[in-house]
Amino acid sequence: MTYHFNFRDVFNNFDVLLEGVGLTLELSAITMVLGLALGMGMALLKTWGPRPLRWLASAYVEVLRNTPLLVQLFIVFFGLPSLGLRLSAGQAAVITLTINLGAYATEIVRAGIEAIHKSQIEAGLSLGLSHLQVFRHVVLFPALKVIYPALASQFILLMLATSIVSLIAAKDLFHMAAFLESRTFRSFEIYLVVTGLYLALALFFRLVFAGIYRLAFERR
């Protein structure tokens, strides 16, 4: 059986795929910022918070890290309307990806905090600084330098995981590819191109994160 590749229909509708790339980038950027902020907050609770809040943060991490992202997405998009909270596909995607990334970021940030020598933290506290001030001035920068590679890898994995939101009709790259496939029936060609686009996005993010690392850490 001979298969004849034909990319003409794909490239004639390439603007459709580019529209999906735009939403994937937007969704990734928003979720990275919100997920990191959530992860830092939860890491602080797990490290220095009162015992009930430490238990709550630990439960959040365990539940989110040990259940499928798809199940979490369906609970937010299909489950919450049963409780009277109806969200658009884009809103559900942002919320789900944020809380999922936050769980992983919590453990990454916590590991960075615990990598800082206790004597440095004790010195800051002995000077009368609050825990928040110690975290900001003594812990944050050295910890970020330690955990930056792990965070960058997690961010790239998140960007690739955005493809799952196509299942709730969020118009990301994978959703637009499926739409284009339904019109052209060139499945092999479309998904080959989409594979190349995801690869290009991953390499782009790697370059961006490497540049940020050089600017933020290596020049200091």
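Conventions used here
- Residues numbered from 1 in each chain as written.
- Predicted model: local features only at pLDDT ≥ 70, side-chain atom pairs only at ≥ 80, totals over all residues.
- Heavy atoms only, no water.
- Helix = DSSP H or I, 4+ residues; strand = E, 2+ residues; numbered from the N terminus.
- Buried < 20%, exposed > 50% of the residue type's maximum accessible area, 1.4 Å probe, protein only.
- 1 Å grid on protein atoms, 1.4 Å probe; cavity = no way out; pocket = protein on both sides within 12 Å on 5 of 7 lines; lining within 4 Å.
- Points joined across faces, edges and corners; volume = space filled by probe spheres on them.
- Axes fitted to C-alpha atoms, helices over the stretch in contact; angles between N-to-C directions.
- Parallel < 35°, antiparallel > 145°, perpendicular 65-115°, else oblique.
- Contact = heavy atoms within 4.5 Å.
- Nonpolar A, V, L, I, M, F, W, Y, C, P; charged D, E, K, R; others polar.
- Core = buried A, V, L, I, M, F, W, Y, C linked by side-chain atoms within 4.5 Å.
- Patch = residues over 30% accessible without salt bridge, like charges linked within 9 Å, V, L, I, M, F, W, Y side chains within 5 Å.
- Areas by Shrake-Rupley, 256 points an atom, 1.4 Å probe, with all protein chains shown as cover.
- Salt bridge = Lys/Arg side-chain N within 4 Å of Asp/Glu carboxyl O.
- Phe/Tyr/Trp six-rings, centres within 6.5 Å; stacked < 30°, edge-to-face > 60°.

Caption draft 1: Focus on the environment of Ala-210. If you trace the backbone, Ala-210 turns up in helix α9 (residues 187–218). As a C-alpha pair, Ala-210 and Ala-152 span 58 residues in sequence and 8.7 Å in three-dimensional space.

Caption draft 2: Structural view of unusual backbone geometry. Not every positive phi belongs to a glycine, and Ala-169 is a case in point at roughly 70°. Tracing the sequence through the fold places Ala-169 in the loop between α7 (131–161) and α8 (173–184). On the basis of relative accessibility, which here comes to 44%, the residue Ala-169 falls in the partly exposed class. Although it is not a glycine, Phe-185 adopts a positive phi angle of roughly 60°. With respect to the helices and strands, Phe-185 occurs in the loop between α8 and α9.

Caption draft 3: A look at the layout of surface pockets. Estimated volume of the largest pocket: approximately 200 Å³. Those elements that provide at least two residues to the lining of the largest pocket are α2 (14–48), α5 (89–115) and α6 (118–126). Per-element tally for the lining of the largest pocket: the top contributor is α6, with four residues.

Caption draft 4: Examining the packing of α7 against α9 more closely. α9 packs onto α7 with a crossing angle of 170° between their chain directions and a minimal axis gap of 9 Å. Taken together, the axes of α7 and α9 lie roughly antiparallel to each other. Every residue of α9 that contacts α7 at Phe-141, Leu-144, Lys-145, Tyr-148, Ala-152, Phe-155, Ile-156, Met-159 and Leu-160 is listed here: Tyr-198, Leu-201, Ala-202, Phe-205, Arg-206, Phe-209, Ile-212, Tyr-213, Ala-216 and Phe-217. Among the residues making up the contact of α7 with α9, the classes are represented as 17 nonpolar, no polar and two charged.

Caption draft 5: Quick look at the nonpolar core. Counting 53 residues, the largest nonpolar core has Leu-17, Val-139 and Phe-209 as its most contacted members. Listing elements by their share of this core, those giving two or more residues are α2, α4 (69–79), α5, α7, α8 and α9. At 13 residues, α7 tops the list of elements feeding residues into this core. With residues up to four places along the chain from it excluded, the contact list for Leu-17 reads Val-10, Leu-173, Met-176, Ala-177, Leu-180, Val-193, Val-194 and Leu-197. Core analysis: the next-biggest nonpolar cluster, separate from the first, contains six residues, Ala-57, Val-61, Leu-64 and Ala-103 among them.

Caption draft 6: Structural view of a nonpolar patch on the surface. There is a patch of nonpolar side chains on the surface, built from Tyr-3, Phe-5, Phe-188 and Leu-192 and spanning about 400 Å² of accessible area. Within the secondary structure, Phe-188 is located in helix α9. We classify Phe-188 as partly exposed; its relative accessible area is 45%.

Caption draft 7: Quick peek at the environment of Glu-189. Looking at the element boundaries, Glu-189 is found in helix α9. A relative accessible area of 0% places Glu-189 in the buried class. Sequence separation between Glu-189 and Phe-209 is 20 residues; the distance between their C-alpha atoms is 30 Å. Dropping the residues within four chain positions of it, Glu-189 is found in contact with Tyr-3, His-4, Phe-5, Asn-6, Phe-7 and Val-10.

Caption draft 8: Structural view of the packing of aromatic side chains. Inspection of every chain in the model, using the stated rule, returns 11 aromatic pairs. Plain terms: the ring middles of Phe-77 and Phe-78 are 4.9 Å apart, the flat faces sit at 75° to each other, and that makes the pair edge-to-face. For the ring pair Tyr-148 and Tyr-213, a centre distance of 5.4 Å and an interplane angle of 45° mean the geometry is tilted. Of this pair, Tyr-148 sits in helix α7 while Tyr-213 sits in helix α9, placing them 65 residues apart in sequence. For Tyr-148, a relative accessible area of 14% corresponds to the buried category. Members of the aromatic cluster, connected to one another through ring pairs, are Phe-5, Phe-7, Phe-11, Phe-14 and Phe-188.

Caption draft 9: Local environment of the pattern of salt bridges. Enumeration over the complete set of coordinates arrives at four salt bridges. With a closest N to O distance of 2.8 Å, Lys-46 and Glu-107 form a salt bridge. Here Glu-107 lies in helix α5 and Lys-46 lies in helix α2, a separation of 61 residues in the sequence. Like Glu-107, Lys-46 is buried. Residue Arg-110 pairs with Glu-114 through a salt bridge whose shortest N-O separation is 3.0 Å. Residue Arg-110 and its partner Glu-114 are both found in helix α5; the two are separated by four residues, about one turn of the helix. A residue is classified by how much of its surface remains accessible, and Glu-114, at 53% relative accessible area, is exposed. Because the salt bridges share partners, they merge into one network encompassing Lys-46, Glu-107, Arg-110 and Glu-114.

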